[in-house]
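Given next are the chains, with one letter for each unit.
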Amino acid sequence: FDTLERLFVAKYGRKPDFYSRAPGRVNIIGEHIDYMGYAVLPMAVQQDILIACCKNDLNMINIANIDDKTFPEFHVKVTEYSIEKGGPWHNYFLCGFRGIVEQLGLTSPVGMDVMMDGTVPMAAGLSSSSALVCCSGLATMYANGGHLSKVCGS
C-alpha cells in the first residue's frame, strides 16, 4: 500500500480516500465450463489487484497504473466512455465501472482519480482481468455510495 499511496499522491496531489482489493483466483475443478452453466469450484489466491481512489469534481475517470510504461494512463468523462472489444487494458476498469453504473441505475456517476497496482500475473490462469473488473466495480460502488447484496439475482 505504501508505494501505491506514494505514487497516487505524486500523481493527484492528495491521498486516496479509499482502497479496493480483489484477489486473483484459480478453478480447482471446472475450468472453462462455468460459462456453459456448469458448476465450478474457484479458490482465491494471494495475488491481487489494488486500487487507490478518490472522487473528483471534474466528472472524469482518470486511470493510472504504477507501471505506466506497460499500462499508459487514460482519461474519459464519466458519461462518455466506450468499451472496445479486445481494446486496451483500461477497458477492464471500464467494464467494472459500467457494471456498477448499470446495476445501481446511476445517471450521473461521480468522477474518480484511480491508481492501480497488482500482483496477479497476466495470462497465467489466475483471472487477472476478472480481478481488475471486480476491483473496479468495488471502487465505483463505494465512490458512488452504492450497496449490493452478496447475491445479485435478476
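Our structure is the block above this text.
Residues numbered from 1 in each chain as written. Predicted model: local features only at pLDDT ≥ 70, side-chain atom pairs only at ≥ 80, totals over all residues. Heavy atoms only, no water.

Asks: An account of the environment of M116 is needed here, citing residue identities and associated values.
Replies: Assignment of secondary structure puts M116 in strand 5 (residues 111–118). The exposure class assigned to M116 is buried, which follows from its relative accessible area of 2%. Distance from M116 to S130, taken between C-alpha atoms, is 14 Å for residues 14 residues apart in sequence. Not counting the four nearest positions on each side in its chain, M116 is found in contact with L4, L50, I51, I63, A64, N65, I66, W89, F93 and L132. (Helix = DSSP H or I, 4+ residues; strand = E, 2+ residues; numbered from the N terminus. Buried < 20%, exposed > 50% of the residue type's maximum accessible area, 1.4 Å probe, protein only. Contact = heavy atoms within 4.5 Å.)

Asks: Any details on the side chain of S128? Residues and values, ideally.
Replies: You can see S128 is positioned in helix 3 (residues 128–143). Ignoring sequence-local partners within four residues, the contact set of S128 consists of I49, V120, P121, M122 and A123.

Asks: Go over the sheet that holds strand 4 (residues 74–77) with me, naming the residues and quoting the values.
Replies: Spatially, the five strands line up as an open sheet ordered 1-2-5-3-4, and their pairing is mixed. Only two strands of the sheet have a single partner each, and these edge strands are strand 1 (18–29) and strand 4. Averaged over neighbouring strand pairs, the angle between their axes works out to 20° when direction is ignored. Together, strand 2 (41–56), strand 3 (60–65), strand 4 and strand 5 form the strand contacts of helix 2 (residues 90–104), whose direction differs from that of strand 3 by roughly 135°. Against the sheet, helix 3 engages strand 1, strand 2 and strand 5, with an angle of about 145° to strand 1. (Pairing = 2+ DSSP bridges. Axes fitted to C-alpha atoms, helices over the stretch in contact; angles between N-to-C directions.)

Asks: Residue-level account of the pattern of salt bridges, with values.
Replies: Tallied over the full model, the rule gives five salt bridges. Here K11 makes a salt bridge to E73, at a shortest N to O gap of 2.4 Å. Taken together, the residues K11 in helix 1 (residues 2–12) and E73 in the loop between strand 3 and strand 4 connect sequence positions 62 residues apart. Residue E73 is classed as partly exposed on the basis of its relative accessible area, which comes to 41%. One salt bridge in this structure joins R98 and E102, with 2.8 Å as the shortest N-O distance. With R98 and E102 both in helix 2 and four residues apart, this pair spans about one turn of that helix. Its relative accessible area of 39% is what places R98 among the partly exposed residues. (Salt bridge = Lys/Arg side-chain N within 4 Å of Asp/Glu carboxyl O.)

Asks: With reference to specific residues and values, describe the pairing of strand 4.
Replies: Residues F74 and V76 point to one face of strand 4 and are all buried, whereas H75 and K77, pointing to the other face, are not buried. Pairing between strand 3 and strand 4: four bridges, direction antiparallel. Bridged to N62 within strand 4 is H75.

Asks: Any details on the nonpolar core? Residues and values, ideally.
Replies: Counting residues in each nonpolar core, the largest one holds 27 residues, and the members touching the most others are I51, I61, F93 and M116. Elements that contribute at least two residues to this core include exactly strand 1, strand 2, strand 3, strand 4, helix 2, strand 5 and helix 3. Take this core: its biggest share by element is five residues, from helix 3. Discounting chain neighbours no more than four positions away, the residues touching F93 are I51, I61, I63, M112, V114, M116, L132, S136 and T140. (Core = buried A, V, L, I, M, F, W, Y, C linked by side-chain atoms within 4.5 Å.)

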